[in-house]
Amino acid sequence: AEQACGPLDYVFDMGSLAVLGAPMPNTQYVCYRRRECEISGLEGVVLDEGVATGLAVGSRLRIIGVNQTCGNSTESNGWGESAVSGPTSTGRSFSFPGVVFAEPGSYRLCYCPGSCDVDAPFEIQAGNLRLETYRDYWYSIYPDWVEDDIGWRSIPVAAPLP
């Protein structure tokens with residue numbers, strides 16, 4: 001009768017195993033309405049000579065509604081042609097075409113590894129996207145702006161007196 005092997009029967013370390021090309025599904029990214037949308041530093045694992053670098057070159061992202069499921073939705077939810085990124089040349093940065101006019105809110109990012117066209121299934125969840133307002137964009141650049149109770153914005157300015 002054959003005897004099953006146990007864990008102590010394996011004495012040679014053959015290395016490690018990594019699953020390549022899987023984005024981190026719970027990461028939050030931000031884009032702004034009335035601006036172009038680019039997601040940089042997408043978190044995931046692809047090994048290049050043993051170093052984690054990003055995701056597969058040529059991959060794309062699709063933006064869908066937060067309540068939709070990756071792989072089952074092709075609805076753009078107001079994103080139009082901007083719902084699918086161009087192919088990434090770095091594996092870490094994804095650009096969506098045109099200026100975004102979708103409604104601010106939460107969206108889901110879906111990933112298609114390798115060379116995908118816009119009709120590919122995009123079955124892997126790649127994180128979440130929060131689309132903020134154009135006003136939020138300016139506040140992110142100029143955090144010292146203060147808005148008073150009637151809606152006026154004032155910028156503190158210091159100038160020498162004569």
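Residues numbered from 1 in each chain as written. Predicted model: local features only at pLDDT ≥ 70, side-chain atom pairs only at ≥ 80, totals over all residues. Heavy atoms only, no water.

A. Looking closely at the nonpolar core. By size, the foremost hydrophobic cluster in this structure holds 20 residues, and its most contacted members are I39, L61, W79, L109 and L129. Elements that contribute at least two residues to this core include exactly β2 (28-32), β3 (36-39), β7 (60-65), β8 (94-99), β9 (105-112) and β10 (124-132). Beyond its immediate sequence surroundings of up to four residues, L129 is in contact with Q28, Y29, V30, C31, I39, I63, W79, G105, S106, Y107 and L109. Counting residues in hydrophobic clusters, the runner-up holds eight residues, among them C70, C110, C112 and C116. (Core = buried A, V, L, I, M, F, W, Y, C linked by side-chain atoms within 4.5 Å. Buried < 20%, exposed > 50% of the residue type's maximum accessible area, 1.4 Å probe, protein only. Helix = DSSP H or I, 4+ residues; strand = E, 2+ residues; numbered from the N terminus. Contact = heavy atoms within 4.5 Å.)

B. Seen up close, the pattern of salt bridges. The tally for this structure, following the rule as stated, stands at two salt bridges. The salt bridge partner of E103 is R33, with a shortest N-O separation of 3.8 Å. Highlighted residues: E103 in the loop between β8 and β9 and R33 in the loop between β2 and β3, separated in sequence by 70 residues. Assessed through its relative accessible area of 52%, E103 is described here as exposed. Using a relative accessible area of 23% as the deciding quantity, one classes R33 as partly exposed. Among the ionic pairs, R130 bridges to E132, the shortest N-O distance being 2.6 Å. (Salt bridge = Lys/Arg side-chain N within 4 Å of Asp/Glu carboxyl O.)

C. View of the side chain of E132. Within the secondary structure, E132 is located in strand β10. By relative accessible area, E132 is classed as buried at 16%. Each residue touching E132, except ones within four places of it in the same chain, is listed here: V30, C31, Y32, R33 and P104.

D. Looking closely at the packing of aromatic side chains. Using the criterion set out here, one finds one aromatic pair in the structure. When the ring of W79 is compared with that of Y107, the centres are 5.3 Å apart and the planes differ by 90°; the resulting orientation is edge-to-face. With W79 in the loop between β7 and β8 and Y107 in strand β9, this residue pair connects regions lying 28 residues apart in the sequence. Comparing W79 with Y107 shows no difference in burial state: the two are buried. (Phe/Tyr/Trp six-rings, centres within 6.5 Å; stacked < 30°, edge-to-face > 60°.)

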